Structure formats: C-alpha cells, structure tokens
Amino acid sequence: MSEIKLRFSALNYFLILGSFMLTIAGLKFASGFLVPFAFSVLFAFILMPFQRRLEKRRVPKAIAIFILFGSIIAVLYFVIFFFSTQISKLVQDMEDIQGKTEYLINSGLIKLQSNFPALEIDRQKVMLDLREFAERSSGTFLSSTFNQTTSFLAATFLVPVYVFLLLFFRKGIKEGILYFFAPEKRDTIESILYEVQGVGKDYVLGLATVVGILAVVNSTALLIIGLDYAILFGIFTAMLIIIPFVGTYIGSALPILYALVTHDAQMAFMVLIAYVVIQLIEGNFLTPKIVGNNTSVNAAVAFIAIIIGGYVWGMAGMILSIPFLAMLKKIFRHVEELKPVAILMGESLYDSETDELHDEVRKTKTPNISWRTQMLNFLGRTGLIKKTPEVKDEMEKAHEEEIIQEMETEDKTKDIR
C-alpha cells in the first residue's frame, strides 16, 4: 500500500474555527431568547401527536391546544402542591438539623484533637467561622436563587407562548421550510423533519418515563430504609436525571447527607448502596431500553456537548445538549457531506456491521463505503485537506475493494437463501 500524503489548508482551518467560535458566541449572546425557544421546540414535538389526534376528532386547532395546556397545568399544580407541603415541613426541621450538624462537627474535632494531641484546635473559633461561612453562603445562595427565579418566571411565561405559536402555525412553518429547497427534494426534507421531530419526542417521553420509574424505585427504597421525606428525596433525585451524567450524583448526595446528619453513618451507607444499585440498573437497562438507540450518541461526543452546553447556556445547556445533538445526528445522516460526522457521533463507530449508516446503504443496494473513505471525502470537500494524486489513487483502490467485498457478501447471502 502506497503512503498517503495529506496537505493541510490553514485558511480553511481558520475559517471553520472562526465560524465555530462565532456560533458559540452567538448562542451565548442570544441565550435569553434561544433557551426558552429550545425548550418550546421540545415541548411542541411532544404535544404535536396529541394535537393531531384531537384535530382528527374535529376539535378546532386553538381549542385542542388549550386542552393540552390545561392538562399540563393540572399535573404541574399537583406536583407543585406536593413539593411545597413537603419542603415546608423540611424547613421547619432545619433548626434541629443545624443543631445536629454542629454536634457532628464538634464531635469530629474532639476526636481529631484526641488522636493528634499536637494539633491546637480552637473549637469555638472553628464553629464561629463555620456559622459565618454558612450565613454568607446562604445570602449568596438566596441572591442567586432570586436571580434564577426571576429568569425562570420570565421563561415560564415565554415557553407557553412559543409552544402555542409553534403548534398553531406548525403547518405554515413546515411549508416555509420546505420552500427553501427545490421541489424534487421537498419530500425528502419533509421526511427528515418528521424524523427529527420523532427523535426529540422519543427522547423527552423516554426520559420522562425513566424519571417516573426512578421516582417510584427511589421512594420505595428510601421508605424501606426508613429515611424521613423519602418520597420527596426519591422524586427530587429522579428529576435530576435530566442533567446528563452528573444529575443523579448531585441528587443522591442530599439524602445521603440528610441520613448522616439526622440518623447515623449506617443509614447513610444504606442510602448510598441503594442509589448505587439503582444507578447501575438505570444506566445499563432502563435508559438504553426506554430512551432507545435512535437518540443515542457516543459518550465522548455527549460529554463534550454537555461541557459546551454548560458553558454557553448553563444548566439549561446541559439539559438541552443531548436531545439537540441527537437531532443534529439525524440531520447529518441525510447530508452526504456530513455522513462521516454522523458516524463519529454514533455509538457504533467501530462496528461496521451494525452501524446505522451502513444499514441504510445496504437497503438502497449501493456500494458500502467505509467511514475512513467517507472521512477523507468529507475533509476534501471542506478544504481542510487537498487530494493529492496519491490520495485519489488510494481512495479509488479502497473503493474498488469495497465493491468487490460487497458483491462477494451478496453472493454468499444468495447461497445461504
């Protein structure tokens, strides 16, 4: 095999890098509008099938939307009422929790000083410093909570408005998007739009199903252990799964600390074991089976997307990164120049026999092109590399070998049949 020589184009590299940086800056600058709108798109994707069903029963479009909104408001009212009553009871116990926390810290300092007599620890000064730190932290927390609550209320007002408009004008929006493309391509674009809508809907509904199952399992486990406010902690921990990777760990820390402060280390350890077992079941069975493979991206790309999303839009960006990444992957699969990117985003990157793109190629009876060859084509089209004669010869040889291999595979399949 001859050596492949790739020529690097610095101009195109900086153009692509500059476009990426401008995109990130634009997303960050317009977050006040884009974050509520992004959530509205996901909610609209969920409600569209229900709206279509109501309209098939001759329910007017506006009334169908209001029926859906009324159902959501009823569910939210029940959830808010339950959480408010539980949190109010928890706040009433805060004085006892604070006293037990100070007792534990003081006991720990006494044991530390008894084990290391050379250490001179002024327990009163340490406790005073901790109280001052807690007061400062609580003030900062209340200030940030007020600011976040204000932005949350603003988004709470905007999201229903956006959702209503997206649902009410959904046909006109779809037709407008289709008219951007040539008439012979509109059927394909329409099918892509339905696929993207399905991916967003499946992800959110699947995630909601996982949250519901985890809420029941978490609450049951904490009730068996005997922890106070078991249902509150169980639902709260389950809801934080919407934050990929870190949400479950953040949510489980609170009941573990509560068990340690209000009871003992043994109960805290039991709560820890329960959450570890539940997390293993959720990560290896529930989420892969319920959310589905259509919305899955490989862990490396998802992790990078979460970091970028958190930098650009904060917590909302971390929540929105995975579903929108899955929708982008769906779009990239239908764009010839971006198919290598879709393969890199998928979970079956190194498994050519199960890769979704290869399955589509087999269905269309076209020669199967390896992801390496497609990546060279993609880099050549974007201008990051220049195709030298050696590169062209190597790609033609690889393509011919793949065609021969494909024909041999088809012959073997016919023999088996």
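Residues numbered from 1 in each chain as written. Predicted model: local features only at pLDDT ≥ 70, side-chain atom pairs only at ≥ 80, totals over all residues. Heavy atoms only, no water.

1. A word on the overall build of the protein
Put simply, the test is: Numbered from the N terminus, helices here are DSSP runs of H or I no shorter than four residues, and strands are runs of E no shorter than two. Exposure is judged per residue with a 1.4 Å probe applied to protein chains only, and the accessible area is read against the type maximum: over 50% gives exposed, under 20% gives buried, and values in between give partly exposed. Contacts are assigned to residue pairs with any non-hydrogen atoms lying within 4.5 Å of each other. We get accessible surface area from the Shrake-Rupley algorithm with a probe of 1.4 Å; when it comes to residues, only the shown protein chains can shield them.
Within the protein one finds 16 helices and two strands. The buried share of the protein, reckoned over its 417 residues, is 34%. The contacts of the protein with a sequence gap of at least 6 include a subset with a gap of at least 24, amounting to 66%. Total accessible area computed for the protein in this model is approximately 26400 Å², and 68% of it derives from carbon and sulfur atoms.

2. Let's talk about helix H2 (residues 31-56)
Using the following cut-off: The span expected for a helix works out to 1.5 Å for each residue beyond the first. What is called the bend at a residue is the angle between a pair of axes, fitted to the seven residues leading up to and ending at it and to the seven starting from it.
Compared with an ideal rise of 1.5 Å per residue, which puts 26 residues at 38 Å, H2 spans 37 Å between its outermost C-alpha atoms and is within 8% of the ideal. Maximum bend of H2: about 35°, positioned at Leu 47, with proline Pro 49 one to four residues after it. Positive backbone phi, approximately 65°, marks Arg 58, located one or two places after H2.

3. Remarks on the side chain of Asn 218
Note the threshold: Polar contacts, as counted here, are pairs of nitrogen or oxygen atoms within 3.5 Å of one another; within protein the pair requires one atom able to donate a hydrogen and one able to accept it, and residues that are adjacent in sequence qualify only if both atoms are side-chain atoms.
Tracing the backbone through its elements, the reader meets Asn 218 in helix H7 (residues 186-225). A polar side-chain atom of Asn 218 sits 3.4 Å from the main-chain carbonyl oxygen of Gly 234.

4. What to know about the confidence of the model for the protein
Here is the rule: Per residue, pLDDT captures the predictor's confidence, and it can take any value from 0 to 100.
When the pLDDT values of the protein are averaged, the result is 75; 64% of them are 70 or greater. Confidence drops under pLDDT 50 across residues 350-358; counting only partners more than four residues distant or on other chains, this segment forms 19 contacts. Ignoring residues within four places in sequence, the model shows residues 360-369, a span with pLDDT below 50, making 17 contacts including any to other chains.

5. Here we look at the pattern of salt bridges
Applied cut-off: Any carboxyl oxygen of Asp or Glu within 4 Å of a side-chain nitrogen of Lys or Arg constitutes a salt bridge here.
The full count for this structure, using the stated rule, is three salt bridges. Note that Glu 55 is salt-bridged to Arg 170, the shortest N-O span being 3.0 Å. With Glu 55 in helix H2 and Arg 170 in helix H6 (residues 170-178), this pair connects stretches of sequence that are 115 residues apart.

6. Quick look at unusual backbone geometry
The phi angle at Arg 58 is positive, at roughly 65°, despite the residue not being glycine. Assignment of secondary structure puts Arg 58 in the loop between H2 and helix H3 (61-92). Overall, Arg 58 belongs to the exposed group, its relative accessible area being 79%. One non-glycine residue, Tyr 229, lies in positive phi territory at about 55°. Relative to the helices and strands, Tyr 229 is located in the loop between H7 and helix H8 (230-239). What makes Tyr 229 buried here is its relative accessible area of 14%.

7. Re the nonpolar core
Generally speaking, soluble globular proteins have nonpolar side chains that are buried together. Let me state the cut-off plainly: The criterion is simple. A nonpolar core is a set of buried Ala, Val, Leu, Ile, Met, Phe, Trp, Tyr and Cys residues joined through side-chain atoms within 4.5 Å.
Leu 167, Leu 214, Leu 222, Leu 227 and Val 271 are the most contacted members of the largest nonpolar core, which has 72 residues in total. Setting aside chain neighbours within four positions, we find Leu 227 in contact with Leu 222, Phe 233, Pro 255, Tyr 258, Ala 259, His 263, Met 267 and Val 271.

8. Some words on the packing of aromatic side chains
Operational definition: Aromatic pairing here means that ring centres of Phe, Tyr or Trp (its six-membered ring) are within 6.5 Å. Orientation follows from the plane angle: under 30 degrees is stacked, over 60 is edge-to-face, and everything else is tilted.
All told, the structure shown has ten aromatic pairs when counted by the stated rule. Geometrically, the ring pair formed by Phe 39 and Phe 43 is stacked, given 6.5 Å between the ring centres and 25° between the ring planes. Of this pair, Phe 39 and Phe 43 both sit in helix H2, four residues apart, roughly one helical turn. Ring plane angle 40° and centroid distance 5.6 Å describe the contact between Phe 66 and Phe 164, whose orientation is recorded as tilted. Taken together, the residues span a long stretch of sequence, with Phe 66 in helix H3 and Phe 164 in helix H5 (residues 123-168) at a distance of 98 residues. Of the residues examined, Phe 66 reaches a relative accessible area of 52% and is grouped as exposed. A network of ring pairs unites the aromatic residues Phe 66, Phe 164, Phe 168 and Phe 169 as a single cluster.

9. Considering the packing of H7 against helix H12 (residues 315-332)
The relative placement of two packed helices is expressed as an angle between their axes plus a distance between the axes. The line we're drawing: Lines fitted to C-alpha atoms define the axes, with helix axes restricted to the stretch in contact, and inter-axis angles between N-to-C directions lie between 0 and 180 degrees. Note that the term roughly parallel is reserved for angles under 35 degrees, roughly antiparallel for angles over 145, roughly perpendicular for angles of 65 to 115, and oblique for everything else. Each helix crossing is assigned a hand: it is left-handed if the near helix lies turned anticlockwise from the far helix by less than a right angle, otherwise right-handed if that turn is clockwise.
Interaxial distance between H7 and H12 falls to 9 Å at its minimum, and their mutual angle equals 155°. Here H7 lies roughly antiparallel to H12, going by the angle between them. Here H7 and H12 pass one another in a crossing that is right-handed. Every residue of H12 that contacts H7 at Ile 192, Glu 195, Val 196, Val 199, Gly 200 and Tyr 203 is listed here: Ile 322, Pro 323, Ala 326, Met 327, Lys 330 and Ile 331.

10. Points about a nonpolar patch on the surface
Heads up, the condition is: Patch building starts from residues that exceed 30% relative accessible area and form no salt bridge, then joins like charges within 9 Å and nonpolar side chains (Val, Leu, Ile, Met, Phe, Trp, Tyr) within 5 Å.
Among the surface-exposed residues, Phe 157, Val 161, Leu 165, Phe 169, Ile 173, Ile 177, Phe 180 and Phe 181 lie close enough to one another that they form a single nonpolar patch of about 770 Å² accessible area. Elements with a contribution of two residues or more to the nonpolar patch: H5 and H6. With three residues, H5 is the largest single contributor of residues to the nonpolar patch. Here Ile 173 is to be found in helix H6.

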